[in-house]
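An overview of the molecular structure
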Amino acid sequence: MEIIIIGLLLGGTYALMAMGLQLQYGVARIMNLANGEVLVAAAFGTFWFFSATQVSPFVALIGIVPLAFVVNWAIYRFLMLPLVKRAKNQGQLEVDSILATFGISFIFIGILLAVFGGDYLSYSYMASPVHLLGETYGLNRIAAFLGSAVLCVGLYVWLNRTRAGLTLRAVAVNPSAASLVSINVVNASALAFALGGAVTAAGGMMLSMFLTFDASLGVIFTLKALVIVIMGGVSDIRGAILAAFILGLTETVVAILVDPGLTLAAAYVLFLIILLVRPQGLFGRRTS
Amino acid sequence: MQRRTIFKLAAAAVLAGSFGLGSAQAADPIKIGVVGPKTGPLAGGAAVTHFPNFELWAHQVNARGGLKLKDGQRKIELIVYDDRTQPGETIKAVQRLATVDKADFIMAPYGTGFNLAVAPIFDKYGYPQLAQAAVTDKMDELVKRYPGLFFVQGSTTSYAKTAIDVLKKLKDEGKIGNKVAVVNVADAFGIELANAGRPLFKEAGFEIVYDKSYPLGTQDLAPVIKAAKAANPDAFVAWSYPPDTIGLAQQAKIEGLDVKAYYSAVATAFPVFKKAVGDASENILGAGGVKYTPELEKFYKELKDVTGVDGDYWGNPVYYSMLQIIEQSIEAVGSMDRKAITEHIKTHKFNTLIGEIDLSSQRLQWLWTVGQWQDGIFHGVNGVNVSDGKPVRLKTGW
Amino acid sequence: MNSEVRTFGIAVILFLAAATLPLISSGYLLSIGVSIAVYTVLATSWTLFSGPTNYISLAVAAFFGIGMYVVAGGIDLLPFPVLVLIGAVVGALFSAIVGLATLRISGVYFVIFTLGLAELIRQVVSWGQATMGTSSGLYVLTDFTDPQIYWALLVLAAVVFLIGWWIGRSRLGFALRIIGNDEVVAVHSGINTARAKVILFVISCTFASITGALVAPRYSYVEPTIAFNPFISFQVVIMALLGGVHRLWGPLLGVIPFTILWELISANFPTQTTLLLGAAFLLIVYFIPHGIVGLIESGIQKWKGDQHG
């Protein structure tokens, strides 16, 4: 039971890292290597807000989420769209977006260094124990888990129940068919990219309650998120969420029952096995 | 059209670069090269422990009018390069400083591997290399190899041994039992400390009830702390690195890890540790430590005023003392003759911020290696050839 | 044939010219030369596989690190050349297994699969070192100098180019190009796509291992974060793409300007290095869309057009 709860908490953490990238890659088809930097920037913003005001860091969401939305929308509109338009095929776009977002991640790091400096930032919030079924867990992790659950459910419902959400899903499944039924693929992609950035920023805020950050840490989150998104299958957000929880549970089981030194190794083994069995990811569709 | 502009810009940059090759004159400032990671995995530590010291030192020396040489006073100009935590870049940067910038002096880079990677270059051009941020057990071999290399730091084993000695003393006094849980991060210094520590624990009569590593970048340390707790230890030792040093303590607090002695290695001495762990940091042991004097208090205040950085209670004062040694040696020699400066360092004793230092054996003779958070300050409690450490307190709850 | 002899002649002259670098400068220029040599081998050998097949591999760091660790682990036991050989063999074996495993995977899944693989190898090596290693395995203290390492890398680069040239003319290269155009067509025209892909992947990764092995003495101290830095993989991919992956000499044209640009930025703007690098990246992507090779070839075409017009 203890393993399951710790695993779920970690899975929630991973879901926060990966959901934003899933939207960006799944719908807008941009492999955004600057995703982790957005997460770190949000964590830094939260740190700065909390240190200055001592108000609950959740309040910082009011500023961080819209800001991330606007910034990411602008990135898509002004930096990604020219690449999308000139790309002859998906492969070309992938290459260009790898190069361009890699550059953007450097710009983000440069700005973070200039604004916040390079040292470690961490603060203490809701770092108190919660007793659950005879075991203790960190309150901040439980809060982040609940936040991630709200985001998961909210996104899922939004994607499946609203017109805008259905539009995004249609683009995710087949952009050219979507444009045939008069869906504005550009607007849908920009919305997905911006929304993805906003979700990532919300994740960064929640992770900042219990992780320590420095300006160069973004790549670690990007790598993890990429693995989760690919494991889940790029076109379905359920895949990313499921993959996040599978990874969280696997790492915890290995850490407690086998050896904590092998947690990440086990996670990657699982990732590789899943891809070998299902080369298109858990929820992916086979495309020709 | 646009393309042409870019080429023009590039050409201009090439020209600007080649004009930088001008030679130095007496009135010119003394060029001092600084290399370290501003980005990459080691950047977080270097932003506190490495870069600010140079900035403060240059600021102070220049405020005094510069270094006093035979041909008059000369100010200091720092040339700072980012090595992005890649040894290949460190090598290039040091080469550039030595041969293109013609730096008068080059500060040792940050990190054990990085210092070893550039030691041949320092040696070749005759720059003394005062390595503060390099911890190794191969000092004997290395200082023989490189006559200009100084280790202003302890050895890996000395860090492990002095920490274990603190625990042994508590055990011998009957204050703690003999069961210890040990974890380490699976990266260079963590691995070295763990390997050095294992036989020492046994020698000291400890029973290791839990001994596991965890990967660098582990995001949830709850399983590690829970397992260590389940082993019911009397003392907990983590040979850890910055992000997880904080993560472990936060988790131990949540878990209420009931040990009488809690030690974690790198970054326990950082101010961010206290900020992140809060009052629960009280009585936590860690690598580093200082003897808190009024001069030191003044140093931290000036560091904060000039660089905006809250100094740590480990590297910063030693780094600054090392800079004082360099400053005193340069002024004593009266020129930037690197051979004479190296010789001077080897043959003299220096009065510094942390006390008297003698580098005649190319290494520090004494050093605080174990500290403890007591009333908001990370005091030295044990070290190599030090005797006036604060008495160790027991960890009483979180 | 005539033009081939000419190209070969030019290549030999360039190679000999490059080989004289340590005689001109033993300092800064040479250290840039070593960087360029390292990335030339890595990017060119990466392109041998990824260029024709369009499979982007992010596993370079894994094989680079394997080579490095083989040397670090055995330097006190065996002579260095033997270790380089062992490093090559270990790298080849690993990459053969990986190559066979990844046959079904394509597109972005392949990209991230190789990334995951690199991280897995790093995790296993770190864990092994933490569990049963001794600290002394980390030090590679030798008397090799930069010129020696540089020449060794240069020879390695020449070998990569020769193999690349040979592949381009062989049935293997033909098969790969068809795979890159359309894998289904390749299968239907009776090409053993699996064999061709695995062979090329093994060749490509083995060179990364040898490079890691050769560089280890230069770093003196080997730790997982240095040997398996994922940044190496990204940098190789980016340099190769920047140069152009459809010509054998394309990556070289990415490596050289990229390294020099990087040096110029970090030398002249040490405080804003990261920011400006990012900006330079974006400019490259937008204004040199088909790589340096594309730029040169369109330039030549234009020039020829002007001549005829």
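Throughout what follows, the structure given in this document is the object of discussion.

Cut-off values and rules
- Within each chain, residues carry numbers counting from 1 in the order of the written sequence.
- Throughout, the order in which chains and ligands are written sets their labels, letters from A for the former and numbers from 1 for the latter.
- In keeping with the model being predicted, local features are shown solely for residues with a pLDDT of at least 70 and side-chain atom pairs are shown and tallied solely at 80 or more, while totals for entire chains, interfaces and linings include all residues.
- Strands are runs of DSSP state E lasting at least 2 residues, helices are runs of H or I lasting at least 4, and numbering of each runs from the N terminus.
- Computation of the radius of gyration draws on C-alpha atoms alone. For the globule rule, the value is 2.2 Å times the number of residues to the power 0.38.
- Residues are treated as contacting if the C-beta atoms built from their backbones sit within 7 Å of each other.
- Residues were grouped as follows: Ala, Val, Leu, Ile, Met, Phe, Trp, Tyr, Cys and Pro as nonpolar; Asp, Glu, Lys and Arg as charged; and all remaining residues, including Gly, as polar.
- In this analysis an axis means a line fitted to C-alpha atoms, helices contributing only their contacting stretch, and an angle means the value between N-to-C directions, from 0 to 180 degrees.
- When an angle is under 35 degrees it counts as roughly parallel; over 145 it counts as roughly antiparallel; between 65 and 115 it counts as roughly perpendicular; any other value is oblique.
- Strands are treated as partners if at least two bridges between them are detected by DSSP.
- Connectivity within a nonpolar core runs through C-beta atoms within 7 Å, and the core itself is a set of buried Ala, Val, Leu, Ile, Met, Phe, Trp, Tyr and Cys residues.
- With C-beta atoms placed from the backbone, a residue counts as buried when 20 or more other C-beta atoms lie within 10 Å of its own, as exposed when 12 or fewer do, and as partly exposed for counts between those limits.
- An automatic or database domain assignment supplies the start and end points of every domain.

Some remarks on the overall build of chain A
Each helix and strand counted, chain A has 11 helices and 2 strands in total. When the helices and strands of chain A are listed from N to C terminus, the series reads α-α-α-α-β-β-α-α-α-α-α-α-α. By the compact-globule yardstick of 19 Å for 288 residues, chain A fits well, its C-alpha radius of gyration being 19 Å. The C-alpha extent of chain A, read off along each of the three principal axes, is 55 × 45 × 35 Å. The contacts in chain A between residues at least 6 apart in sequence include a share of 77% that link residues at least 24 apart.

Looking at the interface of chain B and chain C
Each partner contributes residues to the interface: chain B has 41 residues there, and chain C has 33 residues. When residues of the side of chain B that touches chain C are traced back to their parent elements, those giving at least two are α1 (2-19), β4 (76-82), α4 (87-100), α5 (112-125) and α8 (188-203) of chain B. At 9 residues, the largest contribution of residues to the side of chain B that touches chain C is made by α4 of chain B. Grouping the constituent residues of the side of chain B that touches chain C by class yields 20 nonpolar, 13 polar and 8 charged.

Considering the packing of helix α3 (residues 28-53) of chain C against helix α10 (residues 193-219) of chain C
All names here are of chain C. Put simply, α3 and α10 touch, their axes get as near as 9 Å, and they point 170° apart. The angle between α3 and α10 places the two elements in the roughly antiparallel class. Along the contact surface, α3 presents V38, V41, L42, S45, W46, L48, F49 and T53, while α10 presents K197, L200, F201, I203, S204, F207, A208, T211 and V215.

Points about the sheet that holds strand β9 (residues 207-214) of chain B
Residue and element names in this part refer to chain B. Spatially, 7 strands are ordered β9-β8-β10-β11-β12-β15-β16 in an open sheet, and the strand pairing comes out mixed. Of all strands in the sheet, those with a lone pairing partner are β9 and β16 (377-384), marking the two edges. The sheet shows a mean angle of 20° between the axes of neighbouring strands, taken without regard to direction. Pairing geometry for strand β12 (residues 285-287) and strand β15 (residues 367-374), over 3 bridges, is antiparallel. Bridging across to β15, G286 finds its partner in G371. Seen against the sheet, α8 touches β8 (179-185), β9 and β10 (235-239) and runs at an angle of roughly 160° to β8.

Side note on the nonpolar core
In terms of nonpolar packing, the biggest core is built from 353 residues, with A18, M19 and I228 of chain A together with L153 and V222 of chain C touching the most fellow members. Three or more residues apiece are contributed to this core by two domains, here domain 1 (17-155 + 293-368) and domain 2 (156-288 + 370-384) of chain B. Those residues within four positions of A18 of chain A in sequence are excluded, and the remaining contacts are A225, I228, V229, A240 and A244 of chain A.

So, the interface of chain A and chain C
Listed per partner, the contact involves 37 residues of chain A and 33 residues of chain C. Those elements giving two or more residues to the side of chain A that touches chain C turn out to be α3 (61-86), α4 (90-116), α9 (218-232) and α11 (263-277) of chain A. A total of 15 residues in the side of chain A that touches chain C trace back to one element, the largest contributor, which is α4 of chain A. Among the residues forming the side of chain A that touches chain C, the class breakdown is 28 nonpolar, 6 polar and 3 charged.

Examining the environment of K161 of chain B
Residue and element names in this part refer to chain B. Along the chain, K161 falls in helix α7 (residues 156-172). Overall, the presence of 22 C-beta atoms within 10 Å leaves K161 in the buried class. With 39 residues separating them along the chain, K161 and L200 place their C-alpha atoms 6.7 Å apart.

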